[in-house]
Amino acid sequence: TLNALCARVLTRTLAENDGPPQYDVDAWLDAYVTFMTTPGSHNDTYAESYHRHFFANYDSGVPPRECATNGRVQDHNFVTIGALVST
């Protein structure tokens, strides 16, 4: 369910524009980080490797735009959220 909730967060960021839906990577990353770090926003006990690696990087001070990689290997888990392409 965590990935579905993240899809909802992404959909909300798309709908926030006054005009037609438009992807804004910074708005998405801000909403994603806020959602994932707000206590009570979800009750999932499992997060896919994308989430775990993203926040390990984020916690180390890596800028959000660069957190979707582990620095060595970039596979589908690092650029997607369980098949939700967000970059």
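Counting restarts for each chain: residues are numbered from 1 in the order of the written sequence. Reporting in this predicted model follows two pLDDT cut-offs: at least 70 for local features of residues, and 80 or more for side-chain atom pairs to be given and counted; totals over whole chains, interfaces and linings ignore these cut-offs and use all residues. Side-chain calculation: all heavy atoms of the structure are included, whereas hydrogens and water are not.

Asks: Explain the packing of helix 2 (residues 25-37) against helix 3 (residues 49-59) here, please?
Replies: If you want to describe how two helices pack, look at the angle between their axes and the distance between the axes. Relative to each other, helix 2 and helix 3 sit at 100°, their axes nearing to 12 Å. With respect to helix 3, the axis of helix 2 lies roughly perpendicular. Contacts between helix 2 and helix 3 involve Leu29, Tyr32, Val33, Met36 and Thr37 on the former and, on the latter, Tyr50, His51, Phe54, Phe55 and Tyr58. The classification used treats Ala, Val, Leu, Ile, Met, Phe, Trp, Tyr, Cys and Pro as nonpolar, Asp, Glu, Lys and Arg as charged, and all other residues, Gly among them, as polar. Per-class residue counts for the contact of helix 2 with helix 3 are 8 nonpolar, 2 polar and no charged. Where helices are involved, their axes are fitted lines through C-alpha atoms of the stretch in contact, as for all axes, and angles between N-to-C directions lie from 0 to 180°. For helices the rule is a DSSP run of H or I covering at least 4 residues; for strands it is a run of E covering at least 2, with both sets numbered from the N terminus onward. Orientation categories follow fixed angle ranges, with anything under 35 degrees roughly parallel, anything over 145 roughly antiparallel, 65 to 115 roughly perpendicular, and all other angles oblique. We call two residues in contact when some of their heavy atoms are within 4.5 Å.

Asks: Just checking my understanding: could you explain the pattern of salt bridges for this structure?
Replies: Salt bridge, as used here, is a side-chain nitrogen of Lys or Arg placed within 4 Å of a carboxyl oxygen of Asp or Glu. Enumeration over the complete set of coordinates arrives at 1 salt bridge. Of the charged contacts, one joins Asp26 and Arg65 as a salt bridge, the two residues approaching to 2.9 Å between their closest N and O atoms. Of this pair, Asp26 sits in helix 2 while Arg65 sits in the loop between helix 3 and helix 4 (76-79), placing them 39 residues apart in sequence. For the exposure calls, accessible area comes from a 1.4 Å probe over protein chains only, and a residue counts as buried if that area is under 20% of its type's maximum, exposed if over 50%, partly exposed in between. Taking the relative accessible area as the measure of exposure, Asp26 reaches 43% and is therefore partly exposed.

Asks: Please clarify how the nonpolar core should be interpreted in this entry.
Replies: Generally speaking, soluble globular proteins have nonpolar side chains that are buried together. Throughout this description, the term nonpolar core refers to a set of buried Ala, Val, Leu, Ile, Met, Phe, Trp, Tyr and Cys residues connected via side-chain atoms within 4.5 Å. With 17 residues, the main nonpolar core has Cys6, Trp28, Tyr32, Phe35, Met36, Phe54 and Phe55 as its most contacted residues. At the level of secondary structure, the elements contributing two or more residues to this core comprise helix 1 (2-15), helix 2 and helix 3. For this core, the element with the most residues is helix 2, which contributes 8 residues. Leaving out residues up to four positions away in the same chain, Phe54 has contacts with Leu29, Tyr32, Val33, Pro64, Cys67 and Ala68.

Asks: Sorry, what's going on with helix 1 here?
Replies: Helical periodicity: at 3.6 residues per turn, an α-helix aligns residues three or four positions apart in one direction. By definition here, a helix of n residues has an expected span of 1.5 Å times n minus one. In this model, helix 1 (14 residues) spans 20 Å end to end at C-alpha, consistent with the 20 Å of a helix rising 1.5 Å per residue. Those residues of helix 1 that sit buried are Leu2, Cys6, Val9, Leu10 and Thr13. Here the buried residues of helix 1 occupy an arc of 100° about the axis, which is enough to place them on one side. Facing away from the buried surface of helix 1 by more than 90 degrees, the exposed residues are Arg8 and Ala15. This arc corresponds to the set of directions leading from the helix axis out to the C-beta atoms.

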